[in-house]
Amino acid sequence: PTAAGQSWYPKGFLAERAQNEPSLTLALEAVRATSDALTARGVPLPRQVVLGFSQGACLAAEFLYRTHVRPAALVALTGGLLGPGGTSWSVTPDTWAGLPVLLGGSAEDPWVPAWRMEETAKVFSSGGARVSCTFFPGNAHEVPDAQVGATRELLTSLGAR
């Protein structure tokens, strides 16, 4: 899906969740609607990859966290779960057992701090996901070639052509 006005929610992803409502709920509904449309076209959730960059990565991670769905994989490039510093997340150990999760971004990204990507990795790991979280040197808010390559490898391992 594409965000209206190029933004899924009005405040930063480190803001209190309530400050991003009702936009955040509408954005999550758009992700659900896209997944449902793919299912209707013959691509069931276990064959779907939830993938995003920046706000899209935050939305992808938040979608899995809130719904506990099990797609084929989660790829969150330069993003993480929503909420201010000190937010705690709770999941059961088998929520995403074996789910491949690819996270990471620039080590000094001005928009998405590495500590939040690390926290997000811990949440998904604690839910049983197989998490790869990689940081790249510098402060560019972009997807480096190495992360594109890692995403391709993951998709290929899932049978994508």
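Attention here is on the structure that accompanies the text. The shown structure was predicted, so the numbers you read here are calculated from the model rather than taken from an experiment.

## A look at the packing of helix α1 (residues 23-40) against helix α2 (residues 55-67)
Axes are the key here: two packed helices are described by the angle between their axes and the distance separating the axes. It is the contact of α1 with α2, at a shortest axis distance of 10 Å, that shows an interaxial angle of 85 degrees. Taken as axis vectors, α1 and α2 run roughly perpendicular relative to one another. On α2, the residues touching Leu24, Ala27, Leu28, Val31 and Arg32 of α1 are Leu59, Glu62, Phe63, Arg66 and Thr67. Here the contact of α1 with α2 is composed, by residue class, of six nonpolar, one polar and three charged.

## Digging into the nonpolar core
Ranked by internal contacts, the top residues of the largest apolar core, which has 35 residues, are Leu64, Leu74, Trp96 and Phe124. Secondary structure elements with two or more residues in this core: α1, α2, β2 (73-77), β3 (100-106) and α3 (114-126). For this core, the leading source of residues is α2, giving eight residues. Trp96 has contacts with Leu64, Tyr65, His68, Val69, Arg70, Val91, Val123, Phe124, Gly127, Gly128 and Ala129, leaving out every residue within four places of it along the chain. Ala73, Leu77, Leu102 and Leu154 belong to the second largest nonpolar core, which has five residues in total.

## Details of the pattern of salt bridges
Enumeration according to the criterion identifies three salt bridges in this entry. As a salt-bridge pair, Glu62 and Arg17 come within 3.8 Å of each other at their nearest N and O atoms. With Glu62 in helix α2 and Arg17 in the segment before α1, the pair connects residues that are 45 residues apart, well separated along the chain. Two residues, Glu119 and Arg116, come together in a salt bridge whose shortest N-O distance is 2.8 Å. Here the residue Glu119 and the residue Arg116 both occupy positions in helix α3, the gap between them amounting to three residues, near one helical turn. In this structure Glu119 comes out as partly exposed when scored by relative accessible area, which is 25%.

## A few points about the pairing of strand β1 (residues 49-53)
Burial along β1 is one-sided: the residues Val50 and Gly52 are buried and none of Val49, Leu51 and Phe53 is. Alignment of β1 against β2, held across five bridges, turns out to be parallel. Bridging from a neighbouring strand, Phe53 pairs with Leu77 of β2. Regarding the hand of the β-α-β motif, the stretch spanning β1, α2 and β2 is right-handed.

## Let's talk about the environment of Val101
With respect to the helices and strands, the residue Val101 is situated in strand β3. On a C-alpha basis, the gap between Val101 and Ser125 in space is 8.8 Å, while along the polypeptide they are 24 residues apart. Setting aside residues up to four positions removed in sequence, Val101 forms contacts with Leu74, Phe124, Ala129, Arg130, Val131 and Ser132.

## Quick look at α3
Over its 13 residues, α3 runs 18 Å from end to end, which matches the ideal 18 Å to within 8%, given 1.5 Å per residue. Taken residue by residue, α3 has Ala114, Arg116, Met117, Thr120, Ala121, Val123 and Phe124 as its buried positions. Those residues of α3 that are buried lie in contact with α2, β2, β3 and β4 (130-136). Positive backbone phi, at 95 degrees, marks Gly128, one or two positions downstream of α3.

Thresholds applied
Residues numbered from 1 in each chain as written. Predicted model: local features only at pLDDT ≥ 70, side-chain atom pairs only at ≥ 80, totals over all residues. Heavy atoms only, no water. Axes fitted to C-alpha atoms, helices over the stretch in contact; angles between N-to-C directions. Helix = DSSP H or I, 4+ residues; strand = E, 2+ residues; numbered from the N terminus. Parallel < 35°, antiparallel > 145°, perpendicular 65-115°, else oblique. Contact = heavy atoms within 4.5 Å. Nonpolar A, V, L, I, M, F, W, Y, C, P; charged D, E, K, R; others polar. Core = buried A, V, L, I, M, F, W, Y, C linked by side-chain atoms within 4.5 Å. Buried < 20%, exposed > 50% of the residue type's maximum accessible area, 1.4 Å probe, protein only. Salt bridge = Lys/Arg side-chain N within 4 Å of Asp/Glu carboxyl O. Pairing = 2+ DSSP bridges. Right-handed = clockwise from strand over helix to strand, strands pointing away. Expected span 1.5 Å × (residues − 1).

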